[in-house]
Amino acid sequence: MIKIAPSILAADPLNLEKEIRAAEKAGCDWIHVDIMDAHFVPNLAYSVDTVRRLREVTDLPLDVHLMMDHPETLLDAFLDAGASCLTIHAEIDADIPGMLTKIRNRGRMAGIALKPNSEIELIQPYIDMTDLVLMMTVEPGFGGQKLDARVIGKIRLLSDSGYTGEIEADGGIREDNIEMLAANGLTVAVMGTALFRNSDMAACIGRLHRIPAV
Ligand code: DX5
Ligand code: ZN
């Protein structure tokens, strides 16, 4: 079964608690929290405090995606706030192995993310230090974009390589393209618009959970 991680970027920020409870009731598996710094990506989103409050209102795993140039400055804070999985980008100039090790030493899942135009070779040095690879299927920064189908090849390569961690895709995933991702090795689908702008999230997640994983 593919895990479904609703991205709260598409939720109503003034009613986050209500939105989280609705997603939980609809049967989602994780909650995806996008953090943006207006440097690594041209947008701002959420904070350590958001993660702390989310941790208080739900028991679901919090999948925190750090779209930041200097995640090392807030890594401990996000771990203290209760992130279950912390994902950093392979494109940043920082001590990536040090951060992945720190995340794992705190008993959390360590993730590495790759932008759609980045070569898969970029994650190779870190792969053994990760529990999850996040393949961006849109240019990070904004919800509601169209999925870049070129990324499917990278998902396939990673899956065929025997990677045993989670393979997650993020951006532009909808009911009409998720099966193709699943068939190529996807294990976690991040979905913003397709879930939070859906009139029946529970029915949608029910259908998504019936899609066979490889
Ligand atoms: C984009 C974010 C995604 C985004 C996905 O930078 O990382 O999580 O919210 O949203 P949709 O599903 O609307 O593309
Ligand atoms: Zn994300």
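Residues numbered from 1 in each chain as written. Chains lettered and ligands numbered in written order. Predicted model: local features only at pLDDT ≥ 70, side-chain atom pairs only at ≥ 80, totals over all residues.

Where an unreviewed UniProt entry is consulted, the protein appears under the name Ribulose-phosphate 3-epimerase, with the organism given as Aristaeella hokkaidonensis.

J.: Report on the sheet that holds strand E9 (residues 188-191), specifying residues and quantitative values.
T.: An order of E1-E9-E8-E7-E6-E5-E4-E2-E3 is seen for the nine strands of this open sheet, with the pairing classed as mixed. What marks the edges here is a single partner per strand, and that holds for strand E1 (3-6) and strand E3 (44-45). Note that E1 and E9 share four bridges and pair parallel. Within E9, the position partnered with isoleucine 4 by the bridge is alanine 189. Sheet strands in contact with helix H5 (residues 151-160) are strand E7 (132-136) and strand E8 (166-170), and its direction is about 175° off that of E8. (Pairing = 2+ DSSP bridges. Helix = DSSP H or I, 4+ residues; strand = E, 2+ residues; numbered from the N terminus. Contact = placed C-beta atoms within 7 Å. Axes fitted to C-alpha atoms, helices over the stretch in contact; angles between N-to-C directions.)

J.: Account for unusual backbone geometry, naming residues and giving values.
T.: A positive phi angle, close to 65°, is found at alanine 38, a residue other than glycine. Turning to its location among the elements, alanine 38 is positioned in the loop between strand E2 (31-37) and E3. Judged by local crowding, alanine 38 falls into the partly exposed class, with 13 C-beta atoms found within 10 Å. Positive phi values are uncommon outside glycine, yet tyrosine 46 reaches one of about 50°. Structurally, tyrosine 46 can be placed in the loop between E3 and helix H2 (48-57). Classification of tyrosine 46 as partly exposed rests on a count of 18 C-beta atoms within 10 Å. (Buried ≥ 20, exposed ≤ 12 C-beta atoms within 10 Å, placed from the backbone.)

J.: Tell me about the environment of glutamate 91, and please be specific about residues and values.
T.: Summarising the element assignment, glutamate 91 is placed in the loop between strand E5 (85-89) and helix H4 (96-105). Taking the C-beta count within 10 Å as the criterion, glutamate 91 has 15 such neighbours and is therefore assigned partly exposed. Distance in space between the C-alpha atoms of glutamate 91 and isoleucine 8 is 24 Å, their sequence separation being 83 residues.

J.: Please set out the site of ligand 1 residue by residue, giving values where relevant.
T.: As a structural note, the neighbourhood of ligand 1 is formed by 21 residues, with Ser7, Leu9, Gly143, Gly192 and Thr193 the closest of them. Looking at the shell around ligand 1, the elements that each hand over two or more residues are E2, E9 and helix H7 (193-196). Looking at the shell around ligand 1, its residues break down into eight nonpolar, eleven polar and two charged. (Near = placed C-beta within 6 Å. Nonpolar A, V, L, I, M, F, W, Y, C, P; charged D, E, K, R; others polar.)

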